[in-house]
Amino acid sequence: MIELRHLSKTYSSSSQEVNALNDINLTINDGDVYGIIGMSGAGKSTLVRCINMLERPTSGQVLVDGKDMGALSPAELRKERRSITMIFQQFNLLMQRNCLSNVCFPMELAGMKKSDAKARAMELLETVGLPDKADTYPAQLSGGQQQRIAIARALATQPKVLLCDEATSALDPTTTHQILTLIKDINRKLGITVVVITHQMSVVKEICSHVAILDNGTVKEEGLVGAVFAAPKSEAARRLVFPGRADKKVSDPASEQQLRLVFRDDKTTAVPLVARLAQETGVAANVISATTQMLSDEVYGSMLVGVPKNDIPLVIAYLSQYPAITVEEVSADVQ
């Protein structure tokens with residue numbers, strides 16, 4: 001288990017102080033795939049680097065399985081880091097070493113016999129689907145293949161935690177999906193806790209069980225992916241889940257009130273709701289936008305509609321008969 005308790009990080013210079021993290025409190029359970037998402041500058045990378053003490057927090061604690069990482073001696077911290085490994089956006093492979101040697105490298109640092117390290121590295125190359133690339137150098141690989149080698153290297157010391165800092169940001173959508181599938185399989189087969197740092201909604205939706213929304217160094221919202229993304233409560237989460245603005249030509253704020261409807265299962269997403277609403281109440285809703293998506297292996301839908309202001313009580317009362325539909329009044333400036 002990873003516990004972040006009142007974690008703060010301040011960078012100081014001669015001219016100013018920057019509060020990169022402010023009183024972060026999170027619990028990441030063993031075996032979770034936990035996403036931390038936010039826009040550029042939100043503090044995501046600083047947060048993940050505090051977990052393994054590549055960045056020392058200004059205040060607060062990072063506890064991994066009850067151990068206070070900040071209280072460890074340098075030797076103890078080096079030992080603990082073997083169980084908390086990391087993959088990066090730019091892969092960070094050693095270009096002068098072939099793939100087998102790259103995977104062997106952390107085992108060599110740990111003092112493992114070369115023969116044992118080589119055997120373990122070959123097993124890991126098999127795990128990531130590249131056993132035929134042992135003698136190949138990183139420059140000869142595609143970006144997706146390089147990230148697979150980086151994942152194999154990260155698994156070399158049999159870690160309990162894998163930190164992924166924007167690990168798919170440099171990859172195309174197809175390769176991103178392949179890498180995320182590999183990470184998810186590793187999580188399931190090996191039980192490794194995975195912390196995913198990203199600015200991409202699609203990454204969190206595809207792989208994560210829990211998510212925290214980070215904005216200006218503060219956690220604005222956190223919980224199950226389905227619950228947070230289906231019905232975001234904070235403004236930061238709304239900006240990520242419902243980006244952009246509704247076209248004012250589609251909805252007239254002077255005569256219509258916008259309602260956001262969130263459908264929380266596949267039965268309600270299949271309901272022809274607007275047609276039923278018109279048939280049974282006589283209210284013609286104006287559909288502004290609608291989406292259906294998979295979140296944590298469940299189907300969720302979201303619809304933004306414009307309803308005549310005088311009919312709002314009638315429409316809300318009608319929709320209350322559907323327990324799996326959440327109804328929220330929203331501003332015409334927010335999609």
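Placed above this text is the structure.
Since the model is a prediction, treat every value here as computed from it, not as a measurement. (Residues numbered from 1 in each chain as written. Predicted model: local features only at pLDDT ≥ 70, side-chain atom pairs only at ≥ 80, totals over all residues. Heavy atoms only, no water.)

**Q** Residues and numbers for the sheet that holds strand E1 (residues 2-12), please.
**A** One open sheet accounts for four strands, arranged E2-E1-E4-E5; its pairing is antiparallel. Of all the strands in the sheet, the pair left with one neighbour each is strand E2 (17-28) and strand E5 (67-68). Pairing of strand E4 (residues 59-64) with E5 involves two bridges; the strand directions are antiparallel. Residue pairing for E5: Val64 is matched across the bridge by Lys67. Relative to E1, helix H1 (residues 44-51) is tilted by about 120 degrees, and along the sheet it contacts E1, E2 and E4. (Pairing = 2+ DSSP bridges. Helix = DSSP H or I, 4+ residues; strand = E, 2+ residues; numbered from the N terminus. Contact = heavy atoms within 4.5 Å. Axes fitted to C-alpha atoms, helices over the stretch in contact; angles between N-to-C directions.)

**Q** Any chance you could break down the state of the cysteines for me, citing the residues and the numbers?
**A** Here the structure, examined in full by the defined rule, presents zero disulfides. Cys99 forms no disulfide, and the closest cysteine sulfur to it belongs to Cys104, at a distance of 11 Å. Cys164 supplies the cysteine sulfur nearest to Cys208, a cysteine that is in no disulfide, at a spacing of 8.9 Å. (Disulfide = S-S within 2.5 Å.)

**Q** Residue-level account of the packing of aromatic side chains, with values.
**A** Counted according to the given criterion, the structure contains one aromatic pair. The interplanar angle of 65 degrees and the centroid separation of 6.1 Å between the aromatic rings of Tyr318 and Tyr322 together place this pair among those described as edge-to-face. (Phe/Tyr/Trp six-rings, centres within 6.5 Å; stacked < 30°, edge-to-face > 60°.)

**Q** How would you summarise unusual backbone geometry if you had to cite specific residues and measurements?
**A** Even without being a glycine, His6 presents a positive backbone phi close to 50 degrees. Mapped onto the fold, His6 is located in strand E1. Take His6: its relative accessible area is 47%, and that puts it in the partly exposed class. (Buried < 20%, exposed > 50% of the residue type's maximum accessible area, 1.4 Å probe, protein only.)

**Q** Please give an account of the packing of helix H3 (residues 99-109) against helix H5 (residues 143-155) that cites residues and values.
**A** Between H3 and H5, the shortest axis-to-axis distance is 7 Å and the interhelical angle comes to 30 degrees. As judged from the angle between their axes, H3 and H5 are roughly parallel. Where H3 crosses over H5, the handedness of that crossing is right-handed. Every residue of H5 that contacts H3 at Cys99, Asn102, Val103 and Pro106 is listed here: Ile149, Ala152 and Arg153. (Parallel < 35°, antiparallel > 145°, perpendicular 65-115°, else oblique. Left-handed = near helix turned anticlockwise from the far one by under 90°.)

**Q** An account of the nonpolar core is requested, with residue identities and associated values reported.
**A** The tendency in soluble globular proteins is for nonpolar side chains to be buried side by side. Counting residues in hydrophobic clusters, the biggest one holds 52 residues, and the most contacted among them are Ile87, Ile151, Ile213 and Phe229. Among the elements that take part in this core, H5 stands out by supplying six residues, more than any other. Among the nonpolar cores identified, the runner-up in size contains 28 residues, and Leu7, Cys50, Met69 and Leu163 belong to it. (Core = buried A, V, L, I, M, F, W, Y, C linked by side-chain atoms within 4.5 Å.)

**Q** Just give me the short version of the environment of Met95, but keep the residues and values in it.
**A** With respect to the helices, strands and loops of the structure, Met95 is situated in the loop between strand E6 (84-88) and H3. Using a relative accessible area of 44% as the deciding quantity, one classes Met95 as partly exposed. Taking the C-alpha atoms as reference points, Met95 and Ala139, separated by 44 residues in sequence, lie 6.8 Å from one another. Beyond its immediate chain neighbours, meaning those up to four positions away, Met95 contacts Tyr137, Pro138 and Ala139.

**Q** Explain the packing of H5 against helix H6 (residues 173-190) residue by residue, including any values.
**A** Where H5 contacts H6, the two axes come as close as 10 Å, and the packing angle between them is 15 degrees. One element, H5, and the other, H6, form an angle in the roughly parallel class. Taken as a pair, H5 and H6 cross one another with a handedness that is right-handed. Across the interface between the two elements, Gly144, Gln147, Arg148, Ile151 and Leu155 of H5 pack against Thr175, Gln178, Ile179, Leu182, Ile183 and Ile186 of H6. A breakdown of the residues in the contact of H5 with H6 according to their chemical character gives six nonpolar, four polar and one charged. (Nonpolar A, V, L, I, M, F, W, Y, C, P; charged D, E, K, R; others polar.)

**Q** Hey, could you go over the pattern of salt bridges for me, with residue numbers and the actual values?
**A** Under the definition given, this model contains ten salt bridges. Residue Asp65 pairs with Lys160 through a salt bridge whose shortest N-O separation is 2.9 Å. Taken together, the residues Asp65 in the loop between E4 and E5 and Lys160 in the loop between H5 and strand E7 (161-165) connect sequence positions 95 residues apart. In this structure Asp65 comes out as partly exposed when scored by relative accessible area, which is 39%. Given a relative accessible area of 38%, Lys160 falls into the partly exposed group. For Lys67, the salt bridge goes to Glu80, with nearest N and O atoms at 3.2 Å. (Salt bridge = Lys/Arg side-chain N within 4 Å of Asp/Glu carboxyl O.)

Honestly, that's just the spatial picture; any functional story needs more than this.
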